[in-house]
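Here's the letter readout for the chains.
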Amino acid sequence: MPDSPRRRFSVPDDIAYLAPMLVFLALVWGGTNWKNLYPHFYVARALIVPILLIILWPHYTKIRWNGWWLGLILGVLGIVQWIALQLLLQKISIHGWMPFKPSPDAFNPTTSFSSPTMMWTWIVIRIASASLVVPVMEELFWRDFLWRQIIAPADFKLAEVGEKNWPAFWIVAFAFATVHGNWCLTAVVWGILIGGLLLRTKSLGACMIMHGTSNLLLALYVLHTHDWTFW
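Rules used in this analysis
- Residues numbered from 1 in each chain as written.
- Predicted model: local features only at pLDDT ≥ 70, side-chain atom pairs only at ≥ 80, totals over all residues.
- Heavy atoms only, no water.
- Axes fitted to C-alpha atoms, helices over the stretch in contact; angles between N-to-C directions.
- Helix = DSSP H or I, 4+ residues; strand = E, 2+ residues; numbered from the N terminus.
- Parallel < 35°, antiparallel > 145°, perpendicular 65-115°, else oblique.
- Left-handed = near helix turned anticlockwise from the far one by under 90°.
- Contact = heavy atoms within 4.5 Å.
- Nonpolar A, V, L, I, M, F, W, Y, C, P; charged D, E, K, R; others polar.
- pLDDT = per-residue confidence, 0-100.
- Phe/Tyr/Trp six-rings, centres within 6.5 Å; stacked < 30°, edge-to-face > 60°.
- Lys NZ or Arg CZ within 6 Å of the ring centre and 35° of its normal.
- 1 Å grid on protein atoms, 1.4 Å probe; cavity = no way out; pocket = protein on both sides within 12 Å on 5 of 7 lines; lining within 4 Å.
- Points joined across faces, edges and corners; volume = space filled by probe spheres on them.
- Expected span 1.5 Å × (residues − 1).
- Buried < 20%, exposed > 50% of the residue type's maximum accessible area, 1.4 Å probe, protein only.
- Polar contact = N/O pair within 3.5 Å; in protein donor to acceptor, adjacent residues only side chain to side chain.

A few words now on the packing of helix α4 (residues 116–151) against helix α5 (residues 166–178). It is the contact of α4 with α5, at a shortest axis distance of 9 Å, that shows an interaxial angle of 140°. Of the possible angle classes, the one that applies to α4 and α5 is oblique. In the crossing of α4 with α5, the sense of the turn from one axis to the other is right-handed. Counted together, Glu138, Trp142, Arg143, Leu146, Trp147, Ile150 and Ile151 of α4 and Pro167, Ala168, Phe169, Ile171, Val172, Ala175 and Phe176 of α5 form the full contact between these two elements. Residue classes in the contact of α4 with α5 are distributed as twelve nonpolar, no polar and two charged.

Another aspect to go through is the confidence of the model for the protein. Across the protein, pLDDT averages 94, with 96% of residues at or above 70. Across residues 1–5 the pLDDT falls below 50, and counting only partners more than four positions away or on other chains, this stretch makes zero contacts in the model.

Let us look at the packing of aromatic side chains. Following the criterion strictly, the structure yields 25 aromatic pairs and no others. A centroid spacing of 5.4 Å and a plane angle of 80° characterise the contact between tryptophan 29 and tryptophan 34, whose relative ring orientation is edge-to-face. Put simply, the rings of Tyr17, Trp57, Tyr60, Phe141, Trp142, Phe145, Phe156, Phe176 and Trp190 pair up and form one aromatic cluster. Cation over ring: arginine 126 sits above tryptophan 231, and NZ or CZ is 4.3 Å from the ring centre. For arginine 143, the ring lying beneath its charged end belongs to phenylalanine 176, and the centroid distance is 5.0 Å.

Turning our attention to the layout of surface pockets. Any empty space left between atoms is shown by rolling a water-sized probe over those atoms. Computed from the structure, the largest pocket encloses a volume of approximately 1,200 Å³. If you go around the largest pocket, you meet 41 residues; those closest to its centre are Val28, Arg45, Arg126, Trp183 and Trp231. At the level of secondary structure, the elements contributing two or more residues to the lining of the largest pocket comprise α1 (13–33), α2 (38–56), α3 (68–89), α4 and α7 (204–225). It is α1 that contributes the most residues to the lining of the largest pocket, seven residues altogether. Here the residues of the lining of the largest pocket sort into 25 nonpolar, ten polar and six charged. In this structure, the second largest pocket encloses a volume near 150 Å³. Lining the second largest pocket are Trp65, Ser131, Leu132, Pro135, Val136, Met208, Ile209, Gly212, Thr213 and Leu216. Counting residues per element, the ones that place at least two in the lining of the second largest pocket are α4 and α7. Counting residues per element, the lining of the second largest pocket draws most heavily on α7, which supplies five residues. Residues of the lining of the second largest pocket, tallied by class, amount to seven nonpolar, three polar and no charged.

With that out of the way, let us pick up α5. If you check α5, its first and last C-alpha atoms are 19 Å apart, about what 13 residues at 1.5 Å a residue would give, namely 18 Å. Buried within α5 we find Ala168, Phe169, Val172, Ala173, Ala175, Phe176 and Ala177. Considering only its buried residues, α5 is in contact with α4, α6 (184–201) and α7. Between a side-chain oxygen at the N-terminus of α5 and the backbone nitrogen of alanine 168 the separation is 2.9 Å; the capping residue is asparagine 165.

This is the structure we're talking about:
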């Protein structure tokens, strides 16, 4: 007997790509506006987003993993760029105005929990989410859905993954930067790097590895320096 097709929830493909990102952004907004509940909102998105990805997985493009090693290399280079450029931008002053000055009320887990066990549990959840969940969700949205949607607005699946298209390349890089707030210029450079990786490999898997590597190394940097503004 032939293999039965994977069961799919009756939602349009574009909604399947949009839903995890919209839920993620809504929970980010909640944590930003109710700072006393920030760790709770973070745990919520670390749990809800992967559940949505699992439920909606049959709608997504099959992931190719070729070029994974290049994603690993660019993940390291990307986070070195991210940290170095951001530290430089933070020093810029225009008549006393510092446009990239970090937020003075960045969440500090070392002073926000009643016990070391709770603190480290939250930190582990944060690292796991940033390194494993966020790269999958964001790459499916930015470099799979949005990139192809720009090329083929009527039906994004008519465009190939990583299809060469300069408007898509630049629009996605700048759109990606808009959700990164104070890190927008740094994120543009990083977005250009990962866009180039996609063009070179046509591999969402390579992009996910680059994204996960950068996020993991950034977490290690933050834990080492206690510069919580990078989180």
